[in-house]
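Working through the structure, step by step
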Amino acid sequence: TLGSSALGTSPILGYLIFGALLGPHGLDVFANAKADVELGDFGILFLLFSEGLEVTTPRLRKLSNYLPLGFAQISLTTGVITAAILLGAPQFLDKVLPLDEGFID
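This one's a predicted model, so the numbers in the text were calculated from it and none came from an experiment. Residues take numbers from 1 onward in each chain, read along the sequence in its written order. For this predicted model, a pLDDT threshold of at least 70 governs which residues receive local features, and a threshold of 80 or more governs which side-chain atom pairs are given and counted, while totals over whole chains, interfaces and linings are taken from all residues. Water and hydrogen atoms play no part in the side-chain values, which are based on all heavy atoms of the structure.

**Points about the overall build of the protein chain**
Our working rule: To qualify as a helix, a DSSP run of H or I must reach at least 4 residues; to qualify as a strand, a run of E must reach at least 2; elements of each kind are numbered from the N terminus. Using a 1.4 Å probe on the protein chains alone, a residue whose accessible area is under 20% of its type maximum counts as buried, one over 50% counts as exposed, and one in between counts as partly exposed. In what follows, a contact means two residues having at least one pair of non-hydrogen atoms within 4.5 Å. Only the protein chains shown count as cover for residues, and the accessible areas themselves come from Shrake-Rupley with a 1.4 Å probe.
Helix and strand content of the protein chain: six helices and zero strands. With 105 residues in all, the protein chain has 10% of them scored as buried. Nonlocal contacts in the protein chain, meaning residues at least 24 apart in sequence, comprise 38% of its contacts between residues at least 6 apart. In the structure as shown, the protein chain presents an accessible area of about 8,900 Å², 69% of it carried by carbon and sulfur atoms.

**Looking at the packing of aromatic side chains**
Short version of the rule: Each pair of aromatic rings taken from Phe, Tyr and Trp, with Trp reduced to its six-membered ring, is defined by centres within 6.5 Å and is described as stacked if the planes are under 30 degrees apart, edge-to-face if over 60, and tilted in the remaining cases.
In total, this model carries one aromatic pair according to the counting rule given. Between F42 and F46, the aromatic rings sit 6.3 Å apart at their centres with planes inclined by 10°, giving stacked as the arrangement. Within this pair, F42 and its partner F46 are both found in helix α3 (residues 33-53), separated by four residues, close to a single helical turn.

**Brief notes about the confidence of the model for the protein chain**
Keep this limit in mind: Predictor confidence is given residue by residue as pLDDT, running from a minimum of 0 to a maximum of 100.
Confidence along the protein chain averages 79 in pLDDT terms, with 80% of residues attaining 70 or more. When mean pLDDT is compared element by element in the protein chain, helix α5 (residues 67-86) scores highest at 90, while helix α6 (residues 90-96) scores lowest at 65.

**What about the layout of surface pockets?**
The cut-off we apply is this: Only protein atoms enter the 1 Å grid used here. Points where a 1.4 Å probe fits but cannot escape make up a cavity, open sets with protein on both sides within 12 Å along at least five of seven lines make up a pocket, and a residue lines them when an atom lies within 4 Å of a point. Grid points are joined across faces, edges and corners, and a volume is the space filled by probe spheres set on the points. Throughout this entry, Asp, Glu, Lys and Arg are counted as charged residues, while Ala, Val, Leu, Ile, Met, Phe, Trp, Tyr, Cys and Pro are counted as nonpolar. The remaining residues, Gly among them, count as polar.
In this structure, the largest pocket occupies an estimated 570 Å³ of space. Surrounding the largest pocket, 19 residues form its lining, G19, A20, D36, L39 and G40 being those nearest its centre. For the lining of the largest pocket, the elements supplying multiple residues, two or more each, are α2 (11-22) and α3. Its residues assigned to classes, the lining of the largest pocket shows twelve nonpolar, five polar and two charged.

**So, a nonpolar patch on the surface**
Heads up, the condition is: Patch definition: residues above 30% relative accessible area lacking any salt bridge, with like charges linked at up to 9 Å and the nonpolar side chains Val, Leu, Ile, Met, Phe, Trp and Tyr linked at up to 5 Å. Salt bridge, as applied in this entry: a Lys or Arg side-chain nitrogen positioned within 4 Å of an Asp or Glu carboxyl oxygen.
Nonpolar side chains collect at one region of the surface, where F42, L45, F46, F49 and L53 lie side by side and expose about 590 Å² of accessible area between them. Along the polypeptide, L45 turns up in helix α3.

**Section: the side chain of S50**
For clarity, the threshold we go by: Polar contacts, as counted here, are pairs of nitrogen or oxygen atoms within 3.5 Å of one another; within protein the pair requires one atom able to donate a hydrogen and one able to accept it, and residues that are adjacent in sequence qualify only if both atoms are side-chain atoms.
Its location among the elements puts S50 in helix α3. Residue classification places S50 among the buried positions, given a relative accessible area of 12%. Of note is the side chain of S50, whose polar atom sits 3.0 Å from the backbone oxygen of L47. Excluding its chain neighbours within four sequence positions, the residues that come into contact with S50 are S10 and I12.

Shown next as structure tokens:
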């Protein structure tokens, strides 16, 4: 918590980073990989919950300015993937996006 207060972030974020360093993709201190994933999911859920408690109404209004950008990103991504599928690029998409064998004829 000393590092997180010095950086001005939530202590939960520090716990998640420390857990990632000790986990199976870091120093591999723990032996139970399934428990590591479940604890990591719980940590992220707890981080999102605690950050949601700290959101004020003015901050939420300020963040709503970015809503059109989010809609544009989702629409553009959906359009590009749909166009690639409809224009017959399953060979290219198979390398980037895993598709089911029976999905495209």
